[in-house]
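Architecture at a glance
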Amino acid sequence: MAGQRCIALIAHDEKKDDMADFARHHQKALSGFKIVATGTTGERVQEACPGLDVIRLKSGPLGGDQQIGAMIATGEVDMLIFFTDPLTAMPHDVDVKALTRLATVYDIPMALNRATAENLIDFNLAE
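We now turn to the structure provided with this report. (Residues numbered from 1 in each chain as written. Predicted model: local features only at pLDDT ≥ 70, side-chain atom pairs only at ≥ 80, totals over all residues. Heavy atoms only, no water.)

**Here's the deal with the packing of aromatic side chains**
Overall, the coordinates contain one aromatic pair when judged by the stated rule. Summarising the aromatic geometry, the rings of F22 and F83 are spaced 5.6 Å apart at their centres and angled 70 degrees between planes, so their arrangement reads as edge-to-face. With a gap of 61 residues between them, F22 in helix α1 (residues 16-25) and F83 in strand β4 (residues 79-83) connect regions that are remote in the sequence. Assessed through its relative accessible area of 2%, F83 is described here as buried. (Phe/Tyr/Trp six-rings, centres within 6.5 Å; stacked < 30°, edge-to-face > 60°. Helix = DSSP H or I, 4+ residues; strand = E, 2+ residues; numbered from the N terminus. Buried < 20%, exposed > 50% of the residue type's maximum accessible area, 1.4 Å probe, protein only.)

**Here we look at the layout of surface pockets**
The computed volume of the largest pocket comes to approximately 240 Å³. What lines the largest pocket is a set of 20 residues, and nearest its centre among them are H12, D13, K16, P61 and H92. Breaking the lining of the largest pocket down by element, the ones donating at least two residues are β1 (6-11) and α3 (39-48). Partitioned by chemical class, the residues of the lining of the largest pocket number six nonpolar, nine polar and five charged. (1 Å grid on protein atoms, 1.4 Å probe; cavity = no way out; pocket = protein on both sides within 12 Å on 5 of 7 lines; lining within 4 Å. Points joined across faces, edges and corners; volume = space filled by probe spheres on them. Nonpolar A, V, L, I, M, F, W, Y, C, P; charged D, E, K, R; others polar.)

**A short note on the environment of C6**
Relative to the helices and strands, C6 is located in strand β1. Between the C-alpha atoms of C6 and D78, which are 72 residues apart in sequence, the distance is 5.3 Å.

**What to know about the nonpolar core**
Generally speaking, nonpolar side chains in soluble globular proteins are found buried as a group. Ranked by internal contacts, the top residues of the largest apolar core, which has 24 residues, are I7, L9, M19, I35 and I81. Of all the elements in the fold, those that place two or more residues in this core are β1, α1, α2 (27-30), β2 (34-37), α3, β4 and α6 (114-126). Sorting elements by how many residues they give to this core places α1 first, with four residues. Within the second largest apolar cluster, 15 residues are counted, among which are V36, L57, V77 and L99. (Core = buried A, V, L, I, M, F, W, Y, C linked by side-chain atoms within 4.5 Å.)

**Things to note about helix α4 (residues 64-73)**
Side chains that are three or four residues apart share a direction in an α-helix, a result of its 3.6 residues per turn. Among the residues of α4, G64, D65, I68, G69, M71 and I72 are the ones counted as buried. All buried residues of α4 project into a common sector of 160 degrees when viewed along the axis, lining one side. Trailing α4 by a residue or two, G75 shows a phi angle of about 80 degrees, which is positive. (Arc of directions from axis to C-beta.)

Given below as structure tokens:
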């Protein structure tokens, strides 16, 4: 679908259930987006919402965060929803920081928790 906006979905391990629930709750809204996701997050979203077409990239620690970062830099991603877990150390923390920095530099809407994601989805539906 030409001109379709793209949303990237990522969730740290302790937040994957929350992301699957978010996707289930907002399946209709998400169906209007091209969806890209890191590997396991994408798998969990597809299990929760079999009707959504999710393009699964590599898992975050194996380069998926960097793949999405590259897509942000090339203008292919219009919104980032990244449910982060600030209480667990991440071995690929530098990749996570680079990804959020790119979303900021390229001025795309970014949610790092469910409350903000809920507002972004509601806002985008109103457009």
